[in-house]
Amino acid sequence: MDVFRKAILHPGPPQDFALETVQQVIKPQKQMKLVQDENQLLENILRTLLQELVSAAVESGEEIMQYGQLIADEDIRQGQIPRLLDIVLYLCEKEHIEGGMIFQLLEDLTEMSTMRNCKDVFGYIEGKQDILGKPELFSRGKLVMLRTCNQLLRRLSKANDVVFCGRIIMFLAHFFPLSERSAVNIKGVFNTSNETKYEKEAPDGSSIDFNFYKTFWSLQEFFSNPASLTPALTKWLKFTSSLTVVLNTFEAQPLSDEEGNAIDLQDEASNFSIKYLTSSKLMGLELRDPSFRRHVLVQCLILFDYLKAPGKNDKDLPSDTMKEEIKACEERVKKLLEMIPPKGKDFLRSIEHILERERNWVWWKRDGCPPFEKQPLEKKLAQDGGKRRRPRWRLGNKELSQLWKWADQNPNALTDPQRISTPDIMDYWKTLADDMDESAGIEPEYHHKNNRVYCWKGLRFSARQDLEGFSRFTEHGIEGVVPLELLPNEARSKYHAKPATDRTKRAKKEETKGGGSTQQAEETQVATPASEEADIEGSRIDPEAASVAPMDTDNVMIESGNLSPNETTPDEQQKQNSDTEAGQIEADNEAEPGMVDGDIDAEADLDHVVA
């Protein structure tokens, strides 16, 4: 023990002398690691030394964590007890001694210390959290650390030591993994021992409605044990009638802005109300307190959320009538929260977000608390070794199979009308319209028109909802599709005008060429020799002249009145179509490379816009 006392006073780091000190005291069989009996002997020596140091610190009147601390030449030397703990922690970290020894010393130290000294001890634990949480130490001492923290919480006052209790709970949350089952409360047991005591008989000279007072505080019996509402119908009816009375009172006596601003919610003292007083004399003041009203209404939302939570047995699920009543009461509670100043809507939004996260935890607990940690891919492949057969899923992959499983448990999930919704084009194109506003100062490379997926989806929405805007894509590109109402005034006139395009010019040119070919066909028809007409009328058709028979027949039809001079024969129509096609080819050769049969290639134009 004297060797350890000298080692504590050694100024160097523990790695320079810690192992040598243990070898001098124990003289182990192995040079680098102690066996079980040697660990037990060393633990007894260290626990005895720690007890002597604490006794000496108490006799000297110093704080135990500052006992033996020296300050010389601006060099602060640690106290003897923290120095001893550092040496033991180093030996446990390097696995020279048993890993749970440091946790045992910390438990002994907290049991021998007053609550004032325990704050300093716990500060040391918080400072060494990263080392204590290493796998080789955590697995050996997690139960001892949990027992130490729970003992501290039992010794502390929940009303006077709120900050210290919060430090311990936060340490446990960081020290233990999320999947640690010791802090999950898998069975969902409620703390029914938390009773709210209030006056049962009206005091003399009371100026408040005592019936309302008893009705209001009786709600706490249901808030402390929500599971008792579903099996017994009488309890549910009593709860709804009492809650209706309270909600009617809140609605009849709304709070003004002055009453809401009277309490500074940013003040630290206003956020630490553990439990409200239940005296009937304070009822009038409490009803004018916005924090008090919010406290009660949030309790209602938590209870409703529990009753609607998944994973219950059929006997614990609420009936259809109860579901309708829950929905109606929940809407009333949310409206009251919005009306309570200050910032009622922001407060309600925060509560809804918290409750949504709580539902995720409920689902996780219902699935058996699977671990959150996943092994790295490379290590997992190395452990698996050879190839393993891929699992077969019901619907092809794990995600689809899980969705189908959820649909079996919740049949309304796929038929919910809010599951799929098409956004309005005014909302969808708002971001691109903001990019087009020069006063916004958005750099071109960050414009949404550079996002091909965004542009493609927008064109689909416009094609369904705004054909007029969709038609402007061929003239102005993707920016022309944006509704004119969203554009700034200087940009609106640019896309509202309709200048003459190449397509209009080409249509006029084709019309002119088509008219010329028709005129040429008519002239050819008029120039037919009169002798051929006479031969057709007066003689039979010679076989050698069979090649000109169709032309002659057409002329006979014209003369006989079957066709008017302005109409064309099938051969003339074929010739006219040939002339039209020739004019079309000539117009296409003159057009831009991006024009195909009078239509602009949408993909090529989109690439040009994105570039």
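Thresholds, definitions, all that
Residues numbered from 1 in each chain as written. Predicted model: local features only at pLDDT ≥ 70, side-chain atom pairs only at ≥ 80, totals over all residues. Heavy atoms only, no water. Salt bridge = Lys/Arg side-chain N within 4 Å of Asp/Glu carboxyl O. Helix = DSSP H or I, 4+ residues; strand = E, 2+ residues; numbered from the N terminus. Buried < 20%, exposed > 50% of the residue type's maximum accessible area, 1.4 Å probe, protein only. Phe/Tyr/Trp six-rings, centres within 6.5 Å; stacked < 30°, edge-to-face > 60°. Lys NZ or Arg CZ within 6 Å of the ring centre and 35° of its normal. 1 Å grid on protein atoms, 1.4 Å probe; cavity = no way out; pocket = protein on both sides within 12 Å on 5 of 7 lines; lining within 4 Å. Points joined across faces, edges and corners; volume = space filled by probe spheres on them. Nonpolar A, V, L, I, M, F, W, Y, C, P; charged D, E, K, R; others polar. Expected span 1.5 Å × (residues − 1). Contact = heavy atoms within 4.5 Å. pLDDT = per-residue confidence, 0-100. Arc of directions from axis to C-beta. Patch = residues over 30% accessible without salt bridge, like charges linked within 9 Å, V, L, I, M, F, W, Y side chains within 5 Å. Areas by Shrake-Rupley, 256 points an atom, 1.4 Å probe, with all protein chains shown as cover. Lys, Arg positive; Asp, Glu negative; His and termini not counted. Charge placed at Lys NZ, Arg CZ, Asp CG, Glu CD. Core = buried A, V, L, I, M, F, W, Y, C linked by side-chain atoms within 4.5 Å. Axes fitted to C-alpha atoms, helices over the stretch in contact; angles between N-to-C directions. Left-handed = near helix turned anticlockwise from the far one by under 90°. Parallel < 35°, antiparallel > 145°, perpendicular 65-115°, else oblique. Disulfide = S-S within 2.5 Å.

If you look the protein chain up in an unreviewed UniProt entry, it shows as THO complex subunit 1 from Penstemon smallii.

Caption draft 1: View of the pattern of salt bridges. A full pass over the atoms with the stated rule returns 18 salt bridges. The partner of K134 in a salt bridge is E93, with the nearest N and O atoms 2.6 Å apart. Of this pair, K134 sits in the loop between α7 (129-132) and α8 (135-155) while E93 is found in helix α4 (residues 80-93), placing the two residues 41 residues apart along the sequence. Close ionic contact of E356 with R359 constitutes a salt bridge, the shortest N to O distance being 2.5 Å. Here R359 and E356 lie together in helix α16 (residues 344-366), a separation of three residues that amounts to about one turn. On the basis of relative accessible area, E356 is assigned to the partly exposed category, the value being 41%. A relative accessible area of 30% places R359 in the partly exposed class. Salt bridges linked by common partners bring K308, E330, K334 and E352 together as one network.

Caption draft 2: Representation of the packing of aromatic side chains. Taken as a whole and judged by the stated rule, the model has 22 aromatic pairs. Consider the rings of F175 and F176, whose centres lie 5.3 Å apart with planes at 85°: the pair is edge-to-face. Of the residues examined, F176 reaches a relative accessible area of 9% and is grouped as buried. Three or more aromatic residues link up through ring pairs in this structure, and these residues are F122, F138, F164, F171, F175 and F176. K200 extends its terminal NZ or CZ atom over the ring of Y198, reaching a point 3.9 Å from the ring centre. Sitting above the plane of the F347 ring, R294 keeps its charged end 4.4 Å from the centroid.

Caption draft 3: A look at unusual backbone geometry. The linkage connecting P341 with the following residue, P342, adopts the cis geometry, with an omega of -5°. Within the secondary structure, P342 sits in the loop between α15 (320-339) and α16. One non-glycine residue, E95, adopts positive backbone phi at about 60°. With respect to the secondary-structure elements, E95 resides in the loop between α4 and α5 (101-112).

Caption draft 4: Here's a closer look at empty space enclosed by the protein. Overall, the coordinates contain two cavities of 30 Å³ or more when judged by the stated rule. For the largest cavity, the calculated volume is near 60 Å³. If you go around the largest cavity, the residues you meet are F250, P254, L255, R293, L297, L336, M339 and I340. Residue assignment for the lining of the largest cavity shows that the elements contributing at least two residues are α14 (290-307) and α15. In this structure, the second largest cavity encloses a volume near 40 Å³. Considering the residues around the second largest cavity, the lining is formed by ten residues, among which L19, V22, M32, L34 and H96 are closest to the centre. Each residue belonging to the lining of the second largest cavity can be placed in one class, and the counts come to six nonpolar, three polar and one charged.

Caption draft 5: Just α8, in detail. Under the 1.5 Å per step criterion, the end-to-end length of α8 is 29 Å for 21 residues, consistent within 8% with the ideal 30 Å. Taken as a whole, α8 has its buried residues at L137, F138, G141, V144, M145, L146, T148, C149 and L152. The inward-facing, buried residues of α8 contact α4, α5, α6 (115-127), α7 and α9 (162-175).

Caption draft 6: The arrangement of the confidence of the model for the protein chain in detail. For the protein chain, the average pLDDT comes to 77, and 72% of its residues sit at 70 or higher. Taken together, the stretch residues 515-570 has pLDDT below 50 and engages in 26 contacts with residues farther than four places along the chain or on a different chain. This stretch, residues 573-611, has a pLDDT under 50; its non-local contacts, to residues over four places away or in other chains, come to 39 contacts.

Caption draft 7: Fine view of α15. Look at α15: 29 Å from first C-alpha to last across 20 residues, which is about the 28 Å you get at 1.5 Å a residue. Residues of α15 that are buried: M322, I326, C329, E330, V333, L336 and L337. The buried residues of α15 occupy one face: seen down the axis, they fall within an arc of 125°. Facing away from the buried side of α15 by over 90 degrees, the exposed positions are D320, E324, K327 and K335. Of the surrounding elements, those touching the buried residues of α15 are α11 (233-252), α14 and α16.

Caption draft 8: Just a nonpolar patch on the surface, in detail. A cluster of nonpolar side chains, namely W363, L395, L400, L403, W404 and W406, defines an oily patch on the protein surface of about 570 Å² accessible area. For the nonpolar patch, the leading source of residues is helix α18 (residues 398-409), giving four residues. Looking at where L403 falls in the secondary structure, it is placed in helix α18.

Caption draft 9: Region of interest: the environment of E338. Within the secondary structure layout, E338 lies in helix α15. A C-alpha to C-alpha distance of 10.0 Å links E338 and R294, two positions 44 residues apart in sequence. Those residues in contact with E338 that sit more than four places away from it in its chain are G344, K345 and L348.

Caption draft 10: Layout of a positive patch on the surface. Taken together, the side chains of K200, K214, K235 and K238 make up a positively charged region of the molecular surface. With respect to the helices and strands, K238 occurs in helix α11.

Caption draft 11: Just the nonpolar core, in detail. Counting 56 residues, the largest nonpolar core has L42, I81, I102, L109, L132 and M145 as the members making the most contacts within it. Within the residue set of this core, elements represented by two or more residues are α1 (2-8), α2 (18-26), α3 (36-60), α4, α5, α6, α8 and α9. Tallying contributions element by element places α4 first for this core, with nine residues. Excluding residues within four positions of it along the chain, I81 makes contact with L50, L53, V54, I64, M65 and L109.

Caption draft 12: Just the packing of helix α10 (residues 210-223) against α14, in detail. Orientation of α10 relative to α14, taken along the N-to-C sense of each, is 35°, at an axis distance of 11 Å. For the crossing formed where α10 meets α14, the hand is left-handed. Residue-level inspection shows F216, W217, Q220, F222 and F223 of α10 in contact with α14, the latter providing F292, V296, Q299, C300 and L303. Residues of the contact of α10 with α14, tallied by class, amount to eight nonpolar, two polar and no charged.

Caption draft 13: Spotlight on the packing of α5 against α8. Packing of α5 against α8 brings their axes to within 9 Å, and their N-to-C directions diverge by 10°. In terms of axis orientation, α5 runs roughly parallel to α8. Every residue of α8 that contacts α5 at F103, Q104, L106, E107, T110 and E111 is listed here: L137, G141, V144, M145, R147, T148, Q151, L152 and R155.

Caption draft 14: Quick look at the state of the cysteines. As enumerated under the stated definition, the model contains zero disulfides in all. C300 provides the cysteine sulfur closest to C329, a residue in no disulfide bond, and the two sulfurs are 8.4 Å apart. Residue C329 is classed as buried on the basis of its relative accessible area of 14%.

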